[in-house]
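Observations on the three-dimensional arrangement
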Amino acid sequence: YEERVLPMKKFSQPTEVEAMVVFADLTRFYRVARGMGDGDLFAWMNDYFEMAGEVVEAGGGVVIKTIGDALLLVFPAECVDSGVAALLQLQERTASWMAERGYPCQLIVKAHFGSVVLGPIGPREGKRLDVYGQTVNNAARLPSRGLSLSQQLFRKLSKEGRKAFKKHSPPYYYIPVSERHLD
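Residues numbered from 1 in each chain as written. Predicted model: local features only at pLDDT ≥ 70, side-chain atom pairs only at ≥ 80, totals over all residues. Heavy atoms only, no water.

Looking at the overall build of the protein
- Of the regular secondary structure elements, the protein holds 7 helices and 8 strands.
- For a compact globule of 183 residues, the expected C-alpha radius of gyration is about 16 Å, and the protein comes in at 16 Å, within 12% of that figure.
- With respect to the principal axes defined by its C-alpha atoms, the protein has extents near 50 × 40 × 30 Å.
- By sequence separation, contacts in the protein at least 24 residues apart represent 66% of the contacts at least 6 residues apart.
- A total of about 10100 Å² of accessible surface is found on the protein, and carbon and sulfur atoms cover 50% of it.
- A gap of 8 Å separates the mean positions of the 23 positive and 21 negative side-chain charges of the protein. (Helix = DSSP H or I, 4+ residues; strand = E, 2+ residues; numbered from the N terminus. Rg over C-alpha atoms; globule rule 2.2 N^0.38 Å. Contact = heavy atoms within 4.5 Å. Areas by Shrake-Rupley, 256 points an atom, 1.4 Å probe, with all protein chains shown as cover. Lys, Arg positive; Asp, Glu negative; His and termini not counted. Charge placed at Lys NZ, Arg CZ, Asp CG, Glu CD.)

See below:
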């Protein structure tokens, strides 16, 4: 697994690659967070992001950044199947993790595949790995009530990987077979 993950972390200059880009966000975060002290909130999110990072890295991906309760993730092209499996596992683990703590949060996931630029960016003395491109924008704009995959990502899955998803339209994107259609 380290052979898949570590190259994603070692971009020393902006590089165009094909990748799966994922946005993941907790529902009802504000409702839970407003009842916590700042230190408790920080500790809660730190523990959650550590768990999420373990799942993502086991699937071959990397956490690019966290923003509040959200995650921006990238998986290399060769990890599409393991990455989607990791997203399904992350949803399950998040549901269990939140239920154990009595929090009514659910993880909403949006995933797209395409060309991106990965590389260090930021202040001269504080550059960090980040990702840019239309693929990132398209991933962020996917509709989702649970987990949704774009058509481009669905087409990259193996035949076996596709079996867990069904078409949802319009526009076409894919959701787990177990998830209800919105219409």
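Re the nonpolar core
- Core analysis: the largest hydrophobic core is formed by 38 residues, its most contacted members being Met 20, Trp 44, Tyr 48, Leu 87 and Leu 149.
- Mapped onto this core, the elements with two or more residues apiece are β1 (15–26), α2 (29–33), α3 (38–58), β3 (70–76), α4 (80–101), β4 (107–121), β6 (147–150) and α6 (151–156).
- The dominant element in this core, judged by the number of residues it contributes, is α3, at 8 residues.
- Those residues in contact with Leu 87 that lie beyond four places of it in its chain are Met 20, Val 22, Leu 73, Phe 75, Val 109, Ala 111 and Leu 147.
- Among the nonpolar cores identified, the runner-up in size contains 13 residues, and Leu 72, Val 116, Leu 129 and Val 136 belong to it. (Core = buried A, V, L, I, M, F, W, Y, C linked by side-chain atoms within 4.5 Å. Buried < 20%, exposed > 50% of the residue type's maximum accessible area, 1.4 Å probe, protein only.)

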